[in-house]
Amino acid sequence: MTILVTGGAGFIGSNFVFHMLEKYPDYRIVCVDKLTYAGNLSTLKDVMNNPQFRFVKADICDRQAIYQLFEEEKPDIIVNFAAESHVDRSIENPEIFLQTNILGTQVLMDACRKYGITRYHQVSTDEVYGDLPLDRPDLFFTEETPIHTSSPYSSSKAGADLLVLAYHRTYGLPVTISRCSNNYGPYHFPEKLIPLMIINALADKPLPVYGEGLNVRDWLYVEDHCRAIDLIIHKGTVGEVYNVGGHNEMKNIDIVKLICEKLGKPESLITHVADRKGHDMRYAIDPTKIHRELGWLPETKFADGIEKTIQWYLTHREWWEEIISGDYQKYYEKMYGGREQFMV
Ligand code: NAD
Ligand code: TYD
């Protein structure tokens, strides 16, 4: 069994590579990654010498490179994590999101049609459903919730999902899609809420909360997401979409306060800044289908997961210090430098 994992040098993809190599020592795992700002080869250093693992630096939009890789490796299963993944960056520059997230998906699926595979799995997001109102805690995203996107990022992910389902119906490609809620855990890139707050708090820097911080996200420990994808590619039904989430909704402000408490930092570091444009209010997944059909349940409670995550950032300083010493500084200055304060 050969599994091609795209975007495996990023946050969730790398955790998936580790999960698969450990659980299936006889599988061959081939990782293809363009190594954008979000991809980090140092993340994969512990598996680079594993004979069951191969890393290939390539862009999923590069048809020639992808076809050549399929010819060499003849993968059975493709799991596509490769994407531009940050909403704020998509607001600044949507184009690369459409290129990688939609056209890259197309190239991968064309390769699947040309060379033949048993499964193409698309790693999607709950953000394709848009958002839910804060005053309707009874509402959740199911697989039947209409696609209704807010950001260029979520629109590009939704476009890819529609294309994946179209390749199934039109060409009979054996596809599955997972739509997961917000992940957290090791190797999460420092531009995202949880790692950004941990790293800033450690340096006693301001903690920039968008608007009032009342927006709700449904947080899942990354290993639980990896286990869900593992189940779907082995036991999921072709042509189906599976929502993945652990009913762990939290307001942003409460997460940031919790991080302050855990690190022994004062809440006075919290700085309310201008809100994100088009900011989604609430995400909340109904994971009934994946539980009922595949028996999936989350294993890590948020209280344990956040503790493990904070410990990981404390013990892996060299990983994130290298990242934040480079272009990240320019990104941070651009996004947060002139951002006006938000009065609460
Ligand atoms: P990430 O930004 O940490 O990693 C993305 C990886 O893709 C990086 O290694 C990057 O180098 C690579 N990449 C980008 N463009 C590429 C290209 N053109 N060709 C090859 N490689 C390319 O992202 P992540 O948080 O790990 O997310 C992985 C996937 O999971 C994405 O598809 C995202 O939409 C989805 N997802 C993420 C979350 C979350 O909370 N992070 C939740 C649900 C779904
Ligand atoms: P993020 O980690 O970017 O994930 P997503 O937008 O895909 O859910 O952001 C999570 C939440 O945290 C979102 O409501 C935006 C908010 N946020 C802040 O308040 N401050 C920040 O500096 C960042 C990066 C995010």
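Look up a bit, the structure's there.
We now turn to the structure provided with this report. (Residues numbered from 1 in each chain as written. Chains lettered and ligands numbered in written order. Predicted model: local features only at pLDDT ≥ 70, side-chain atom pairs only at ≥ 80, totals over all residues. Heavy atoms only, no water.)

We now examine the overall build of the protein chain. Of the regular secondary structure elements, the protein chain holds 12 helices and 13 strands. Relative to a compact globule of 344 residues, whose C-alpha radius of gyration would be 20 Å, the protein chain shows 19 Å and is just as compact. With respect to the principal axes defined by its C-alpha atoms, the protein chain has extents near 55 × 45 × 35 Å. Split into buried and exposed, the 344 residues of the protein chain put 57% on the buried side. Long-range contacts, defined as pairs at least 24 residues apart, comprise 84% of the intrachain contacts of the protein chain with a sequence gap of at least 6. Total accessible area on the protein chain stands at roughly 14,600 Å², and carbon and sulfur atoms take up 51% of it. (Helix = DSSP H or I, 4+ residues; strand = E, 2+ residues; numbered from the N terminus. Rg over C-alpha atoms; globule rule 2.2 N^0.38 Å. Buried < 20%, exposed > 50% of the residue type's maximum accessible area, 1.4 Å probe, protein only. Contact = heavy atoms within 4.5 Å. Areas by Shrake-Rupley, 256 points an atom, 1.4 Å probe, with all protein chains shown as cover.)

With that settled, the discussion passes to the pattern of salt bridges. All chains considered together, the criterion is met by 22 salt bridges. The residue K34 makes a salt bridge to D59 at a minimum N-O spacing of 3.5 Å. Of this pair, K34 sits in the loop between β2 (28-33) and β3 (53-57) while D59 sits in the loop between β3 and α2 (63-73), placing them 25 residues apart in sequence. Salt-bridge contacts for E73 lead to R54; the nearest nitrogen and oxygen are separated by 2.8 Å. Here the residue E73 occupies a position in helix α2, and R54 occupies one in strand β3, the gap between them amounting to 19 residues. A residue is classified by how much of its surface remains accessible, and E73, at 11% relative accessible area, is buried. The network of salt bridges with shared partners includes R28, R54, E72 and E73. (Salt bridge = Lys/Arg side-chain N within 4 Å of Asp/Glu carboxyl O.)

This part covers the site of ligand 1. Around ligand 1 sit 28 residues, and of these I12, D33, S85, Y153 and K157 come closest. Between ligand 1 and F81 there is a distance of 3.1 Å, counted from an oxygen atom to a backbone nitrogen or oxygen. A distance of 2.6 Å separates an oxygen atom of ligand 1 from a polar atom in the side chain of K157. Summarising the interface, the protein chains cover 97% of the accessible area of ligand 1, which totals 840 Å² for the free molecule. Those elements giving two or more residues to the shell around ligand 1 turn out to be α1 (11-23), β5 (119-125) and α5 (152-171). Examining the composition of the shell around ligand 1, we find that three residues originate from one element, β5, more than from any other. (Near = heavy atom within 4 Å. Polar contact = N/O pair within 3.5 Å; in protein donor to acceptor, adjacent residues only side chain to side chain.)

Looking now at the sheet that holds β5. Judged by pairing direction, the sheet is parallel, and its seven strands sit side by side in the order β3-β2-β1-β4-β5-β6-β11 without closing on themselves. Single-partner strands in this sheet number two, and they are β3 and β11 (241-244). Between one strand and the next, the sheet's axes are offset by a mean angle of 20°, whatever the strand orientation. Strand direction decides the pairing type here: strand β4 (residues 77-80) and β5, joined by four bridges, are parallel. For I78, the partnering residue across the bridge sits in β5 and is Y120. (Pairing = 2+ DSSP bridges. Axes fitted to C-alpha atoms, helices over the stretch in contact; angles between N-to-C directions.)

As a further point, take the site of ligand 2. Around ligand 2, a shell composed of 19 residues is seen, among which E127, R217, R276, H279 and Y336 lie nearest. Here a nitrogen atom of ligand 2 and a backbone polar atom of P208 are 2.8 Å apart. Here Y336 contributes a side-chain N or O atom positioned 2.7 Å from an oxygen atom of ligand 2. Coverage of ligand 2 by the protein chains reaches 97% of its 510 Å² of free accessible surface.

A few words now on the environment of L297. In this fold, L297 is placed in the loop between α9 (288-294) and α10 (302-315). If sequence neighbours within four positions are ignored, L297 has contacts with D224, R227 and H291.

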